[in-house]
Amino acid sequence: MYAMRRELNQYRQAGPIAEIAVADPHRLTQMLFEGALERIAVARGAMMQGNVPLKGQKIGQAMDIINELRGSLDLERGGELAANLDALYDYMTRRLVAGNARNEPEAWEEISTLLREIKAGWDALPEQMRKAS
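Visitor: So what exactly am I meant to see when it comes to the overall build of the chain here?
Guide: In terms of regular secondary structure, the chain is built from 7 helices and 0 strands. Mapped in sequence order, the helices and strands of the chain form the string α-α-α-α-α-α-α. Looking at the chain alone, contacts between residues at least 24 apart form 61% of all its contacts between residues at least 6 apart. Carbon and sulfur atoms make up 53% of the accessible area of the chain, which amounts to about 7,300 Å² in all.

Visitor: When you look at the nonpolar core in this model, what are you seeing that I'm missing?
Guide: Most often, soluble globular proteins have nonpolar side chains that are buried together. Ranked by internal contacts, the top residues of the largest apolar core, which has 25 residues, are Tyr-89, Met-92, Leu-96, Trp-108, Ile-111 and Leu-115. Secondary-structure elements contributing two or more residues to this core are α3 (25-48), α4 (52-71), α5 (79-102) and α6 (105-123). Not counting residues up to four positions away in its chain, the partners in contact with Ile-111 are Ile-40, Ile-66, Tyr-91, Met-92, Arg-95 and Leu-96.

Visitor: Just to check I follow, could you spell out the side chain of Lys-58 for this structure?
Guide: Structurally, the position occupied by Lys-58 is in helix α4. If near-sequence neighbours (up to four positions away) are discounted, Lys-58 is found in contact with Arg-39, Val-42 and Ala-43.

Visitor: Please explain the environment of Glu-34 as it appears in this structure.
Guide: Along the chain, Glu-34 falls in helix α3. For the pair Glu-34 and Lys-119, spaced 85 residues apart in the sequence, the C-alpha separation amounts to 8.4 Å. Contact partners of Glu-34, with chain neighbours within four places excluded, come to Arg-27 and Lys-119.

Procedures and definitions
- Counting starts from 1 at the beginning of each chain's written sequence and moves along it residue by residue.
- With pLDDT at 70 or above as the cut-off, local features in this predicted model cover only qualifying residues; side-chain atom pairs require 80 or more to be listed or tallied, and sums for whole chains, interfaces and linings still use all residues.
- Calculation of side-chain values draws on the structure's entire complement of heavy atoms; hydrogens and water are dropped beforehand.
- What counts as a helix is a DSSP run of H or I of at least four residues, what counts as a strand is a run of E of at least two, and both are numbered from the N terminus.
- Residue contacts follow a heavy-atom distance rule, with two residues in contact if any of their heavy atoms lie within 4.5 Å.
- Only the protein chains shown count as cover for residues, and all accessible areas are computed by the Shrake-Rupley method using a 1.4 Å probe.
- For this analysis, a nonpolar core means a set of buried residues of the types Ala, Val, Leu, Ile, Met, Phe, Trp, Tyr and Cys, connected via side-chain atoms within 4.5 Å.
- Only protein chains enter the accessibility calculation, which uses a 1.4 Å probe; a residue whose area is less than 20% of its type maximum is buried, one above 50% is exposed, and one in between is partly exposed.

Geometry only, nothing functional implied.
Printed below as a string of structure tokens:
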């Protein structure tokens, strides 16, 4: 589940380089979730202020991060969980596009809620499972 090089490059634009350099794959994934959530929040603020270029830029970056999370899934070894996450990440990307085109902040709130739920599960992984990954 860790194709971290691409994800690392995605996150470099948002996170402190020092933390990235020492972060384990579990923490890098957490940082990706945080980065996607932050970009959606900034896009929402840009929409409210009528800043269309910034809104589009931040939604594009959020979609890039979600696509990197999706690309890191091991669909062969991950079984049903990986398949469900793959479908969910695909839905998130399509919903972000639609919300952007229609200026629907509720679409972005839906995706933020989904990302927070997945992140909460990821954050709750026991230390033993993190080391085994």
